[in-house]
Amino acid sequence: MGQHILPGNPPIPLVLRRSARARRISLRVSALDGRVTLTLPRGLPEREALDFARSKQGWLESQLERQEPEVVVSLGAQLPVEGRMLTLAPGNGRRVLAEGSRLLVPGNAEAAGARVRAWLRTLARERLAEASDRHADALGRDYDRITLRDTRSRWGSCTADGGLMYSWRLILAPPEVLDYVAAHEVAHLRHMDHSPAFWGAVERLMPGYAEPRKWLRVNGAGLHRYRFD
């Protein structure tokens, strides 16, 4: 893997990657962080790949312009919580509290992001445990544990021994989206695949799952733009 800068205003950093499986040159702009990856087949001269990237510069610039900017979570910032946009404001006491359109954060302003992240993880665990319990009871299957992570590649997973993993950022999405992911992973307790039988189980657990699934496909990447450091 190599690095290259495509001249322009502004310049565009490229990550060059060679792939034995690639049959042609390809360009990809990550919806998560805006990284531009230029993939080329083994044996193809690097200059040909860079010429291809230059020929697509207008397209690259338009794609990058669409990228939503990162949001540093601090006092005054806006953050979605269970699909509702809240504004962070100073709070009293010891607990983070959602009140109307505000998220009240006590303590040192510099630690607001870390405090909100910890509060979100706790809320996510409560909501995901509730949804997983409900769907597991309906399916007649037990799960072993719930693990929360901050994964970019998937929103949830289910292991063969009944372990459920979820991204805690699901708490930022509307409740039906979190509920869909829980139904999806719990359905894997019976079907460890994506067969018609699996999707039938998801439909029984959550009729109308197509809409929240679509929401996640369209809007999910935007949940990663919030930084809590």
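Scroll up for the structure.
Reading guide: rules and limits
Residues numbered from 1 in each chain as written. Predicted model: local features only at pLDDT ≥ 70, side-chain atom pairs only at ≥ 80, totals over all residues. Heavy atoms only, no water. Helix = DSSP H or I, 4+ residues; strand = E, 2+ residues; numbered from the N terminus. Buried < 20%, exposed > 50% of the residue type's maximum accessible area, 1.4 Å probe, protein only. Contact = heavy atoms within 4.5 Å. Areas by Shrake-Rupley, 256 points an atom, 1.4 Å probe, with all protein chains shown as cover. Lys, Arg positive; Asp, Glu negative; His and termini not counted. Charge placed at Lys NZ, Arg CZ, Asp CG, Glu CD. Patch = residues over 30% accessible without salt bridge, like charges linked within 9 Å, V, L, I, M, F, W, Y side chains within 5 Å. Salt bridge = Lys/Arg side-chain N within 4 Å of Asp/Glu carboxyl O. Pairing = 2+ DSSP bridges. Axes fitted to C-alpha atoms, helices over the stretch in contact; angles between N-to-C directions. Core = buried A, V, L, I, M, F, W, Y, C linked by side-chain atoms within 4.5 Å.

Asker: Any chance you could explain the overall build of the protein chain here in plain terms?
Answerer: Each helix and strand counted, the protein chain has six helices and 13 strands in total. Each principal axis of the C-alpha atoms in the protein chain carries an extent, and together these give about 55 × 50 × 30 Å. Expressed as a percentage of its 229 residues, the buried residues of the protein chain come to 45%. For the protein chain, contacts bridging at least 24 residues in sequence account for 46% of all contacts bridging at least 6. Accessible area of the protein chain: about 12900 Å², with a carbon and sulfur share of 47%. Distance from the positive charge centre (35 side chains) to the negative charge centre (26 side chains) of the protein chain: 5 Å.

Asker: Can you walk me through a negative patch on the surface in this structure?
Answerer: Among the surface-exposed residues, Glu126, Glu130, Asp133, Asp137 and Asp142 lie close enough to one another that they form a single negatively charged patch. Aspartate 142 gets classed as exposed once you look at its relative accessible area, which sits at 70%.

Asker: What exactly am I supposed to notice about the sheet that holds strand E3 (residues 26-29) here?
Answerer: Each strand in a sheet pairs with another by means of backbone hydrogen bonds, the pair being arranged parallel or else antiparallel. What the four strands build is an open sheet, ordered E1-E2-E4-E3; its pairing is mixed. Only two strands of the sheet have a single partner each, and these edge strands are strand E1 (2-6) and E3. With direction set aside, neighbouring strand axes in the sheet form an average angle of 30°. Bridging between E3 and strand E4 (residues 36-41) involves four bridges; their strand directions are antiparallel. When the bridges of E4 are listed, serine 26 appears paired with threonine 39. Those strands touched by helix H1 (residues 46-55) are E1, strand E2 (12-19), E3 and E4, and its axis lies near 135° from that of E4. Strand contacts of helix H2 (residues 57-65): E1, E2, E3 and E4, with the helix running at about 20° to E3, the strand carrying the most contacts.

Asker: How should I be thinking about the pattern of salt bridges in this particular structure?
Answerer: Opposite charge on two side chains makes pairing possible when the charged atoms of those side chains draw close. For the structure shown, the criterion picks out nine salt bridges. Ionic pairing is found between glutamate 70 and arginine 227, a salt bridge with its closest N-O pair at 3.3 Å. Within this pair, whereas glutamate 70 is found in the loop between H2 and strand E5 (71-72), its partner arginine 227 is found in strand E13 (residues 226-227), the two being separated by 157 residues in sequence. A salt bridge links arginine 145 to aspartate 144; the nearest nitrogen and oxygen atoms lie 2.7 Å apart. Owing to a relative accessible area of 33%, arginine 145 belongs among the partly exposed residues under this scheme.

Asker: What am I meant to see in the nonpolar core here?
Answerer: In summary, soluble globular proteins display a tendency toward joint burial of nonpolar side chains. Core analysis: the largest hydrophobic core is formed by 50 residues, its most contacted members being Leu79, Val116, Leu120, Tyr166, Leu170, Val186 and Phe228. For this core, the secondary-structure elements that each account for two or more residues are strand E6 (78-81), strand E7 (84-90), strand E9 (102-105), helix H3 (112-139), strand E10 (145-149), strand E12 (163-167), helix H4 (175-187) and helix H5 (196-205). With nine residues, H3 is the single largest residue contributor to this core. Leaving out residues up to four positions away in the same chain, leucine 79 has contacts with Val73, Arg84, Met85, Leu86, Leu88, Leu103, Val116, Leu120, Leu172, Tyr226 and Phe228. Ranked by size, the runner-up nonpolar core spans 15 residues in total, among them Leu14, Leu40, Ala49 and Leu60.

Asker: Help me out: how do you make sense of the sheet that holds strand E11 (residues 156-158) in this one?
Answerer: The three strands are arranged E10-E12-E11 in an open sheet whose pairing can be described as mixed. The open sheet is flanked by E10 and E11, the only strands paired with a single partner. Strand after strand, the sheet turns through a mean of 15° between neighbouring axes, direction not considered. Here H3 sits on the sheet in contact with E10 and E12, set at roughly 145° to E10. Contacts from H4 reach E11 and E12 within the one sheet, and its direction differs from that of E12 by about 155°.

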